[in-house]
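Letter by letter, the chains look like this.
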Amino acid sequence: VTITTRLLVSHLSGIRHYEKDITKVKEEKEKVNRALKLTKSHQDKEQKEKEGKGFEKTDCVKQKKEHDSETKSRNSKPGRNDKEFEQEEYYLKEKFESVIESLKIFKNDPLFFKPGDQFLYSTYGFTLLSAVVERASGQKFTDYMLKMFRDLDMLSTVLDDNEAMIYNRARCYIYNKKGRLVNAPYVDNSYKWAGGGFLSSVGDLLKFGNALLYSYQAGQFKNSNGKLLPGYLKPGTVAMMWTPVPKTEVSWDRDGKYAMAWAVVEKNQQWGCCRQQRHYASHTGGAVGASSVLLILPEELDPEALGAWPVAPPRGVIVTIICNMQSVSLNSTALKIAREFDKEKRAQ
């Protein structure tokens, strides 16, 4: 078979994740699909009730559903039922000197499906991608990335190296089997630098989001009289990264599809004065003892207003949250925050 970098970056390569048993992976996928079908069925039922009996009952159902969801959220502890963190490979303590060396963990394992046929989120797919970067650049992947972070002015973003003294490094926490809060266990992330091996700050992630949003929008500002600096990436490159890829899915956002290392929701509105779906890109992060999200909601630029210089990119809202607690769902919270700030901006 042939595995391309595009397949790797969109998790269509067939390379396994932490679970080695393909039967368990298929069973878990079937459970998720069944749950999605039930959700859609429930939504269709609510829509019919709304059309047949007016808005009052539907609003009550919605309020009850939101109340039940909030109650469930308050009474549950993060990290209690996340089966992914039961996988042994999350807790590896072996130190690898290079990403090429870390390929030995999975390089002899069978593919779960023919590349390009199905979607399976794979941290090891990103490990292989980092090996490609290492060979193509002619330098260690970690050195390559640290130089890139410096170019982006992300000076607080470093390798999650246990031995190094890192200023302001946070302690990480998990809930144990008895539901008690305890310190997260020691792990060595040298086997997955690309998929979850860097430490950062909310300030640095905002800089990263701004650099991407600037690059995405820079090409739309035609009348800048040459005063607008180029973006870190070409506008077309970011647009390609934020274009949904067929056959993909996103576990943390049912409206989204996976693109190239980003989850993307496309602009969509089916009926007037009804639910409007805005275009945004996001990605969550989950590690032993930590959770994070970065969400970019670009402003919908008016072509006529773009001539009114000095209005300049980046234009939009960027939300990032870092939590030193395992298995905390943050994407919906980030989206709510982004929408509130977006409303505020449009009201001005």
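Here's a quick rundown of the structure. Model, not experiment: these values are computed from the prediction.

1. Let's talk about unusual backbone geometry
Following Pro313, the chain continues to Pro314 via a peptide bond in cis, the omega torsion being 0 degrees. Its identity is not glycine, yet Asn168 carries a phi of approximately 65 degrees, on the positive side. Within the fold, Asn168 resides in the loop between β1 (158-159) and β2 (173-175). Although it is not a glycine, Ser327 sits at a positive phi angle of roughly 60 degrees. By the secondary structure assignment, Ser327 is in the loop between β9 (316-323) and α10 (331-347).

2. Considerations on the sheet that holds strand β8 (residues 290-298)
Taken together, the five strands give an open sheet; going across it, the order is β5-β6-β7-β8-β9, and neighbouring strands pair in antiparallel fashion. Strand pairing shows two members of the sheet lacking a second neighbour, β5 (257-258) and β9, which therefore form its edges. One ladder, built from seven bridges, connects strand β7 (residues 280-287) with β8; its direction is antiparallel. Residue pairing for β8: Thr284 is matched across the bridge by Val293. Along the sheet, helix α8 (residues 202-218) makes contact with β8 and β9, crossing β9 at roughly 150 degrees.

3. Looking at the nonpolar core
Counting residues in hydrophobic clusters, the biggest one holds 39 residues, and the most contacted among them are Tyr124, Leu212, Trp242, Trp262 and Ile296. When residues of this core are traced back to their parent elements, those giving at least two are α1 (5-9), α5 (123-137), α6 (141-151), α8, α9 (235-241) and β8. Counting residues per element, this core draws most heavily on α5, at four residues. Not counting chain neighbours up to four residues away, the residues in contact with Leu212 comprise Leu233, Val238, Met241, Trp242, Trp262 and Ile296. In this structure, Tyr280, Leu295, Ala334 and Ala338 belong to the second largest nonpolar core, which totals twelve residues.

4. Focus: the pattern of salt bridges
Between side chains of opposite charge, a pair can form when the charged atoms approach closely. Enumeration over the complete set of coordinates arrives at 16 salt bridges. Across the pair Glu299 and Arg315 runs a salt bridge, and its minimum N-O distance is 3.7 Å. A residue pair is termed long-range when its members are at least 10 positions apart, and Glu299 in the loop between β8 and β9 and Arg315 in the loop between β8 and β9 qualify at 16 residues. Overall, Glu299 belongs to the partly exposed group, its relative accessible area being 25%. With relative accessibility at 26%, the residue Arg315 sits in the partly exposed group.

5. Some details on the side chain of Glu89
In this fold, Glu89 is placed in the loop between α3 (55-75) and α4 (99-102). Residue classification places Glu89 among the buried positions, given a relative accessible area of 10%. Among the polar contacts listed, one links the side chain of Glu89 to the side chain of Arg16, at a separation of 2.9 Å. With residues up to four places along the chain from it excluded, the contact list for Glu89 reads Arg16, His17, Tyr18, Lys20, Ile105, Tyr124 and Tyr191.

What counts and how
Residues numbered from 1 in each chain as written. Predicted model: local features only at pLDDT ≥ 70, side-chain atom pairs only at ≥ 80, totals over all residues. Heavy atoms only, no water. Helix = DSSP H or I, 4+ residues; strand = E, 2+ residues; numbered from the N terminus. Pairing = 2+ DSSP bridges. Contact = heavy atoms within 4.5 Å. Axes fitted to C-alpha atoms, helices over the stretch in contact; angles between N-to-C directions. Core = buried A, V, L, I, M, F, W, Y, C linked by side-chain atoms within 4.5 Å. Buried < 20%, exposed > 50% of the residue type's maximum accessible area, 1.4 Å probe, protein only. Salt bridge = Lys/Arg side-chain N within 4 Å of Asp/Glu carboxyl O. Polar contact = N/O pair within 3.5 Å; in protein donor to acceptor, adjacent residues only side chain to side chain.

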